[in-house]
Amino acid sequence: QVQLVESEGGLVQAGGSLTLSCAASGRTFSSYAMGWFRQAPGKEREFVAAISRSGGSIGYEDSVKGRFTISRDNAKNTVYLQMNSLKPEDTAVYYCAASSIARTYYFTSVGGYDYWGQGTQVTVSS
């Protein structure tokens with residue numbers, strides 16, 4: 001029901017910033033909680049950030065708190081991930097995801113999401 005298309009990532013120096021966006025198809029974007037996950041080579045996909053359907057509830061993985069900001073614009077069917085003070089450890093393929101299961105809040109696990117973006121590479125150099 002939902003198709004997610006992510007913006008291009010990029011190569012950023014440590015300490016730099018980058019914003020990712022994820023555009024969703026359909027007319028029911030506001031019915032889905034949205035999340036961002038990332039996967040480094042040889043590692044499992046891990047939770048980064050999530051935002052509830054209304055945008056009223058937001059959560060972050062501990063290592064990105066204070067540096068990353070997730071937001072959504074339901075009128076534009078788009079979710080964003082603003083990444084500041086990037087570290088080499090942030091290097092990964094970043095995926096946006098949509099959850100039709102979450103109601104008021106959101107899930108932090110991969111299993112809580114039904115739809116996934118194609119993934120975009122973010123590389124942070126030292």
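Summarised in this report is the structure supplied together with it. Just so it is clear, the structure is predicted and the values come from calculations on it, not from any experiment. (Residues numbered from 1 in each chain as written. Predicted model: local features only at pLDDT ≥ 70, side-chain atom pairs only at ≥ 80, totals over all residues. Heavy atoms only, no water.)

Quick look at the pairing of strand β11 (residues 120-125)
- Only one face of β11 is covered, namely the one carrying T120, V122 and V124; the face carrying Q121, T123 and S125 has none of its residues buried.
- Examined bridge by bridge, strand β2 (residues 10-13) and β11 share four bridges and lie parallel to one another. Bridge pairing in β11 links G10 to V122.
- Relative to β11, strand β9 (residues 92-99) runs antiparallel, the two sharing three bridges. Within the sheet, the bridge partner assigned to Y94 lies in β11 and is T120. (Buried < 20%, exposed > 50% of the residue type's maximum accessible area, 1.4 Å probe, protein only. Helix = DSSP H or I, 4+ residues; strand = E, 2+ residues; numbered from the N terminus. Pairing = 2+ DSSP bridges.)

Thoughts on the packing of aromatic side chains
- A full pass over the atoms with the stated rule returns five aromatic pairs.
- Pairing Y32 with Y115 gives two aromatic rings, centres 5.9 Å apart and planes at 80 degrees, and the pair type is edge-to-face. Taken together, the positions of Y32 in the loop between β3 (18-24) and β4 (33-39) and Y115 in strand β10 (residues 115-116) put the pair 83 residues apart, joining distant regions of the chain.
- For Y32, a relative accessible area of 7% gives the class buried.
- Aromatic rings pair up to connect F37, F47, Y113 and W116 into one cluster. (Phe/Tyr/Trp six-rings, centres within 6.5 Å; stacked < 30°, edge-to-face > 60°.)

Here's the deal with the sheet that holds strand β7 (residues 68-73)
- As summarised here, the arrangement of the four strands in space is β1-β3-β8-β7, forming an open sheet in which the pairing is antiparallel. If you trace the sheet from one side to the other, it starts and ends with β1 (4-6) and β7, each paired once. Put simply, the sheet's adjacent strands are angled 20 degrees from each other on average, direction ignored.
- In this structure, β1 lies alongside β3, joined through three bridges in antiparallel fashion. Paired with V5 across the bridge in β3 is A23. (Axes fitted to C-alpha atoms, helices over the stretch in contact; angles between N-to-C directions.)

Focus: the pairing of strand β5 (residues 46-51)
- Burial analysis of β5 places five of its six residues in the buried class, which makes it a mostly covered element.
- By the bridge criterion, five bridges tie β4 to β5 in an arrangement that is antiparallel. Bridge assignment links W36 to a residue of β5, and that residue is A49.
- Taking the residues that link successive antiparallel strands as the turn, the β4-β5 hairpin has six residues, and the phi of G42 there is positive, at about 75 degrees.
- Counted between consecutive antiparallel strands, the loop separating β5 from strand β6 (residues 58-60) contains six residues, among which G55 sits at a positive phi close to 85 degrees.

Focus: the state of the cysteines
- Scanning all chains against the criterion turns up one disulfide.
- The residue that forms a disulfide with C22 is C96, at a sulfur-sulfur distance of 1.9 Å. Classification of the bridge connecting C22 and C96 rests on its S-S torsion, roughly 45 degrees, and on that basis the disulfide is right-handed. Highlighted residues: C22 in strand β3 and C96 in strand β9, separated in sequence by 74 residues. Per residue, the accessibility class of C22 equals that of C96, and both read buried. (Disulfide = S-S within 2.5 Å.)

Observations concerning the pattern of salt bridges
- Applying the stated criterion across every chain, the model contains five salt bridges.
- Measuring nitrogen to oxygen at the nearest pair gives 2.8 Å for the salt bridge that ties R38 to E46.
- E61 is the partner of R38 in a salt bridge, and the nearest nitrogen-oxygen pair spans 3.7 Å. Pair noted here: R38 is in strand β4 and E61 is in the loop between β6 and β7, with a separation of 23 residues, a long-range link.
- With a relative accessible area of 5%, R38 lands in the buried category.
- Exposure remark for E61: the relative accessible area of 22% places this residue in the partly exposed category.
- Residues joined by salt bridges that share partners form a network here, namely R38, E46, E61, R67 and D90. (Salt bridge = Lys/Arg side-chain N within 4 Å of Asp/Glu carboxyl O.)

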